[in-house]
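Residue-level structure breakdown
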Amino acid sequence: MAGILDGVDQRTQLAGHNRLELLLFQLGGRQRYGINVFKVQEVIQCPPLTKVPQAHPVVKGIANMRGKTITIMDLSMAIGGPSLQDWENKFTVITEYNRKVQGFLVNSVDRIINMNWKDILPPPKGAAEGSYMTAVTQIDDELVEIIDVEKVLKEVIGGQEEVSEGVIDEQSTAGQHHVLVVDDSSVARNQVTRVLGQMGVEFTACKDGQEAWEQLLQWAEEGKDLEQFLSLVISDVEMPRMDGYSLTRNIRENPAMVNLNVILHTSLSGVFNKSMVAKAGANDFLPKWEPDTLAMMVQDYLQRHDDWRAQAALVTRLCQVRYRG
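If you're wondering where the values come from, they're calculated on a predicted model, not measured in any experiment.

Next up on the list: empty space enclosed by the protein. The final tally for this structure, using the stated rule, is three cavities of 30 Å³ or more. Considered as a void within the structure, the largest cavity measures approximately 220 Å³ in volume. Lining the largest cavity are 24 residues, and of these Lys39, Thr134, Ile146, Asp184 and Glu238 sit closest to its centre. Counting residues per element, the lining of the largest cavity draws most heavily on strand S2 (residues 32–36), which supplies three residues.

Given below as structure tokens:
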């Protein structure tokens with residue numbers, strides 16, 4: 001156990017090539033769950049908790065850690081299971097999502113395992129619509145569920161969903177634009193598409209990098225000029241089957257897509273991702289989730305795409321004139 005707790009911080013520095021490391025844990029029964037180590041700051045014995053009056057039932061209290069006040073949530077209760085008892089003998093997984101730090105109370109911590117994203121699969125089609133699974137994988141002949149933490153945080157903490165008045169510039173979104181949205185979390189995917197809908201921008205949504213790559217290839221086979229048709233690709237980093245880095249590299253290596261604008265958005269560490277975004281060849285990085293920031297960044301890239309199309313059209317006309325001459 002000490003090795004797991006001591007090694008988490010170092011493992012968060014792993015630079016992925018369609019790989020990830022999962023921290024495996026249990027909430028009460030035999031079912032094992034997983035969380036990406038990149039999102040984990042540390043794992044500790046549950047600290048002393050201070051109750052918060054009128055807090056969400058999932059919030060078991062707040063803890064003071066290194067001068068910071070951190071909300072501690074019962075993860076079992078958050079996904080519809082029984083509340084964990086005997087807290088002082090349980091563990092707390094301290095995580096960072098969307099630039100916010102919070103702790104999740106778990107029953108026990110198992111180990112860390114290195115995996116390929118190809119081995120992380122979408123939830124079974126028969127899974128309930130309200131499921132908290134964002135993906136599944138098989139380890140030691142057991143099914144491990146990867147929890148949609150964004151869904152948990154949205155239900156417990158909430159947050160701004162709509163773009164603020166005055167942020168959307170109708171002139172920048174007036175042209176004909178299409179955006180490809182890629183995210184395995186239904187909550188995160190709906191958040192992005194809600195902003196695009198509010199902006200009046202058409203979009204196609206995919207559940208992981210593999211599905212998005214197949215969609216791009218299908219459009220190319222249909223004869224679409226992808227660099228004209230697609231104004232922007234907005235992709236999550238962590239996804240089953242193919243992560244956002246691999247999707248971006250595939251785009252950059254394909255002559256028909258090389259100039260596509262790609263924004264990677266994720267809840268992982270900002271410094272880590274800026275470095276990886278540059279290596280993958282993406283245009284920009286957006287820590288999620290802020291609707292106004294996303295809207296402003298999208299508007300900027302829609303304008304860039306309009307400028308690029310205008311320049312390409314001008315070059316075409318000049319070439320036609322010279323040919324006629």
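The discussion continues.
Enumeration according to the criterion identifies 10 salt bridges in this entry. Close ionic contact of arginine 304 with aspartate 300 constitutes a salt bridge, the shortest N to O distance being 3.0 Å. Taken as a pair, arginine 304 and aspartate 300 lie in helix H9 (residues 291–324) at a separation of four residues, close to a single helical turn. The exposure class of arginine 304 is partly exposed, given its relative accessible area of 41%. Look at aspartate 300 and you get partly exposed, because its relative accessible area is 33%. Linking arginine 309 and aspartate 306 is a salt bridge whose minimum nitrogen-to-oxygen distance equals 3.0 Å. Of this pair, arginine 309 and aspartate 306 both sit in helix H9, three residues apart, which is roughly one turn of that helix. Residues joined in a network through salt bridges with shared partners are Arg32, Asp110, Arg111, Asp140 and Glu142.

Before going further, it helps to spend a moment on the sheet that holds strand S11 (residues 178–182). Strand pairing in a sheet relies on backbone hydrogen bonds, with the paired strands running either antiparallel or parallel. In spatial order, the strands read S12-S11-S13-S14-S15; together these five strands make up an open sheet with parallel pairing. In the strand order of this sheet, the two ends are held by strand S12 (202–206) and strand S15 (284–287), each with one partner. In this sheet, neighbouring strand axes are inclined to one another by 20° on average, regardless of whether the strands run parallel or antiparallel. Taken together, the four bridges between strand S13 (residues 232–236) and strand S14 (residues 262–266) define a ladder with parallel strand orientation. Within the sheet, the bridge partner assigned to valine 233 lies in S14 and is valine 262. Here helix H4 (residues 186–199) sits on the sheet in contact with S11, S12, S13 and S14, set at roughly 170° to S12.

Take the packing of helix H5 (residues 209–221) against helix H7 (residues 244–253) next. It is the contact of H5 with H7, at a shortest axis distance of 9 Å, that shows an interaxial angle of 20°. Classified by the interaxial angle, the pair formed by H5 and H7 is roughly parallel. Seen from above, H5 lies across H7 with right-handed handedness. Residue-level inspection shows Gly209, Ala212, Trp213 and Leu216 of H5 in contact with H7, the latter providing Leu247, Asn250 and Ile251. Grouping the constituent residues of the contact of H5 with H7 by class yields five nonpolar, two polar and no charged.

With that out of the way, let us pick up the nonpolar core. Ranked by size, the top nonpolar core spans 27 residues in total, and within it Leu23, Leu75 and Ile147 carry the most contacts. Elements that contribute at least two residues to this core include exactly strand S1 (19–26), S2, strand S3 (40–45), helix H2 (75–78), strand S6 (91–97), strand S7 (100–106), strand S8 (108–116) and helix H3 (149–156). With four residues, H3 is the largest single contributor of residues to this core. Not counting residues within four places of it along the chain, the set of residues in contact with leucine 75 comprises Phe25, Leu27, Phe104, Leu105, Val106 and Ile147. In terms of nonpolar packing, the next biggest core, distinct from the first, is built from 24 residues, Leu180, Trp219, Leu230 and Val277 among them.

Once that is clear, we can look at H7. For H7, the complete set of buried residues consists of Gly244, Tyr245, Ser246, Leu247, Thr248 and Ile251. Backbone nitrogen of tyrosine 245 and a side-chain oxygen of the N-cap are separated by 3.2 Å at the start of H7; the cap is aspartate 243.

Further remarks concern the packing of aromatic side chains. On inspection of all chains with the given rule, the structure shows two aromatic pairs. For the ring pair tryptophan 219 and phenylalanine 229, a centre distance of 5.1 Å and an interplane angle of 75° mean the geometry is edge-to-face. Within this pair, whereas tryptophan 219 is found in helix H5, its partner phenylalanine 229 is found in helix H6 (residues 226–229), the two being separated by 10 residues in sequence. We classify phenylalanine 229 as partly exposed; its relative accessible area is 23%. Over the ring of tyrosine 132 we find lysine 151, and its NZ or CZ is 4.6 Å from the ring centre. Just above the ring of tyrosine 301 sits the side chain of arginine 304; from NZ or CZ to the centre is 4.2 Å.

Rules of the game
Residues numbered from 1 in each chain as written. Predicted model: local features only at pLDDT ≥ 70, side-chain atom pairs only at ≥ 80, totals over all residues. Heavy atoms only, no water. 1 Å grid on protein atoms, 1.4 Å probe; cavity = no way out; pocket = protein on both sides within 12 Å on 5 of 7 lines; lining within 4 Å. Points joined across faces, edges and corners; volume = space filled by probe spheres on them. Helix = DSSP H or I, 4+ residues; strand = E, 2+ residues; numbered from the N terminus. Salt bridge = Lys/Arg side-chain N within 4 Å of Asp/Glu carboxyl O. Buried < 20%, exposed > 50% of the residue type's maximum accessible area, 1.4 Å probe, protein only. Pairing = 2+ DSSP bridges. Axes fitted to C-alpha atoms, helices over the stretch in contact; angles between N-to-C directions. Contact = heavy atoms within 4.5 Å. Parallel < 35°, antiparallel > 145°, perpendicular 65-115°, else oblique. Left-handed = near helix turned anticlockwise from the far one by under 90°. Nonpolar A, V, L, I, M, F, W, Y, C, P; charged D, E, K, R; others polar. Core = buried A, V, L, I, M, F, W, Y, C linked by side-chain atoms within 4.5 Å. Polar contact = N/O pair within 3.5 Å; in protein donor to acceptor, adjacent residues only side chain to side chain. Phe/Tyr/Trp six-rings, centres within 6.5 Å; stacked < 30°, edge-to-face > 60°. Lys NZ or Arg CZ within 6 Å of the ring centre and 35° of its normal.

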